[in-house]
Amino acid sequence: MRLHDLRRPEGAVKKKKRVGRGPGSGMGKTSARGHKGARARSGYSEKAGFEGGQMPLQRRIPKVGFKNPFRKEFACVNVMDLNRFEDGTEVTAALLIETGIIKKVLDGVKVLGKGDLEKKLVVHAQKISKGAQEKIEARGGEVKLG
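Below is a summary of the structure that appears in this document. Counting of residues starts from 1 at the beginning of each chain's written sequence and follows it residue by residue. Given that the model is predicted, a residue must reach a pLDDT of at least 70 before its local features are reported, and side-chain atom pairs must reach 80 or more before they are shown or counted; all residues, however, enter totals for whole chains, interfaces and linings. Side-chain measures here rest on the full set of heavy atoms in the structure, leaving out hydrogens and waters.

## Details of the overall build of the protein
And step 1. Check the secondary structure of the protein and you find three helices and six strands.
And step 2. Computation of the radius of gyration draws on C-alpha atoms, with the globule rule given as 2.2 Å multiplied by the number of residues to the power 0.38. The globule rule puts the C-alpha radius of gyration for 146 residues at 15 Å, and the 33 Å found for the protein is more than 25% above it.
And step 3. Dimensions of the protein along its principal axes, counting C-alpha atoms only, are 90 × 55 × 25 Å.
And step 4. Note on exposure labels: buried denotes an accessible area under 20% of the residue type's maximum, exposed denotes more than 50%, and partly exposed covers the range between, all computed with a 1.4 Å probe on protein chains only. Sorting the 146 residues of the protein into buried and exposed places 20% on the buried side.
And step 5. Contacts: residue pairs with any heavy atoms within 4.5 Å of one another. Sequence separation of 24 or more characterises 42% of the internal contacts of the protein that already satisfy a separation of 6 or more.
And step 6. If you sum the accessible surface of the protein, you get close to 11,900 Å²; carbon and sulfur atoms cover 52% of it.
And step 7. Charge counting treats Lys and Arg as positive and Asp and Glu as negative, with His and both chain ends excluded. Lysine's charge is taken at NZ, arginine's at CZ, aspartate's at CG and glutamate's at CD. For the protein, the centre of its 33 positive side-chain charges and the centre of its 16 negative side-chain charges are spaced 23 Å apart. Helix and strand definitions here come from DSSP, where helices need a minimum of 4 consecutive H or I residues and strands a minimum of 2 consecutive E residues; each element is numbered from the N-terminal end. For the accessible areas, the method is Shrake-Rupley and the probe is 1.4 Å, while residue cover comes only from the protein chains on display.

Written as structure tokens, this is what we have:
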């Protein structure tokens, strides 16, 4: 294959529609715009989502529920996931991301009480469940909120 043998695939380049070039073109006179109406006029532009007077899709489909724009979303960590750290480790959001336990902090870290804890840790979090706090403190650990 040489450079002069290269061809674009069929249909890759579409010829521009040349309107208003006489009756032989099939697009003369009204230039494929039909007769009268807003679409036949120059400067016409259709609103996004306009369906010719039919009720638009975004208005036809039902709207359900309410999404609170002020909702806080926390990255949740279970107590059993903290067993991978050494005794006396300060568990922070940065450390949890670094070890891959959570992907991102969102509005903070919340510690939940699923599983058992075998290590004594200092846990820094924005929220903590009562069960998780009891398990951490039962091992001699400490919880720092904020």
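## Some remarks on the pattern of salt bridges
A pair can form between side chains of opposite charge whenever their charged atoms are brought close.
And step 1. By salt bridge we mean one thing: a side-chain nitrogen of Lys or Arg within 4 Å of a carboxyl oxygen of Asp or Glu. Applying the stated rule across the entire model yields three salt bridges.
And step 2. Between Arg39 and Glu46 there is a salt bridge, and its shortest N-O distance comes to 2.5 Å.
And step 3. Owing to a relative accessible area of 39%, Glu46 belongs among the partly exposed residues under this scheme.
And step 4. A salt bridge links Arg71 to Glu73; the shortest N-O distance between them is 3.4 Å.

## Considering the nonpolar core
And step 1. Counting 19 residues, the largest nonpolar core has Leu82, Leu96 and Val111 as the members making the most contacts within it.
And step 2. When contributions to this core are tallied by element, the ones reaching two or more residues are strand 1 (75–78), strand 3 (109–112), strand 4 (122–125) and helix 3 (130–138).
And step 3. With sequence-adjacent residues up to four places away left out, Val111 is seen in contact with Val77, Val79, Leu82, Val123, Ala125, Lys127, Ile128, Ser129, Ala132 and Ile136. Nonpolar cores were defined as sets of buried Ala, Val, Leu, Ile, Met, Phe, Trp, Tyr and Cys residues, with membership established by side-chain atoms within 4.5 Å.

## Side note on the sheet that holds strand 4
And step 1. What makes two strands pair is DSSP finding at least two bridges between them. Pairing is parallel across the open sheet formed by three strands, whose spatial order is 2-4-6. The open sheet has two edge strands, strand 2 (90–91) and strand 6 (142–145), and neither has a second partner.
And step 2. The sheet contact formed by strand 4 and strand 6 spans four bridges and is parallel. What sits directly across from Ala125, in strand 6, is Leu145.

## As for a negative patch on the surface
And step 1. Patch membership requires more than 30% relative accessible area and the absence of a salt bridge. Residues of like charge join within 9 Å; the nonpolar side chains Val, Leu, Ile, Met, Phe, Trp and Tyr join within 5 Å. Taken together, the side chains of Glu90, Glu134, Glu137 and Glu142 present a region of like negative charge at the surface.
And step 2. Relative to the assigned elements, Glu90 resides in strand 2.

## Brief notes about the pairing of strand 3
And step 1. Taking every second residue as pointing to the same face, the buried face of strand 3 carries Val109 and Val111, while none of Lys110 and Leu112 on the other face is buried.
And step 2. Where strand 1 meets strand 3, four bridges bridge the pair, whose relative direction is parallel. Following the sheet pairing, Asn78 is matched in strand 3 by Leu112.
And step 3. As paired strands, strand 3 and strand 5 (residues 127–128) are joined by two bridges and run parallel to one another. If you follow Lys110 over to strand 5, its bridge partner there is Lys127.

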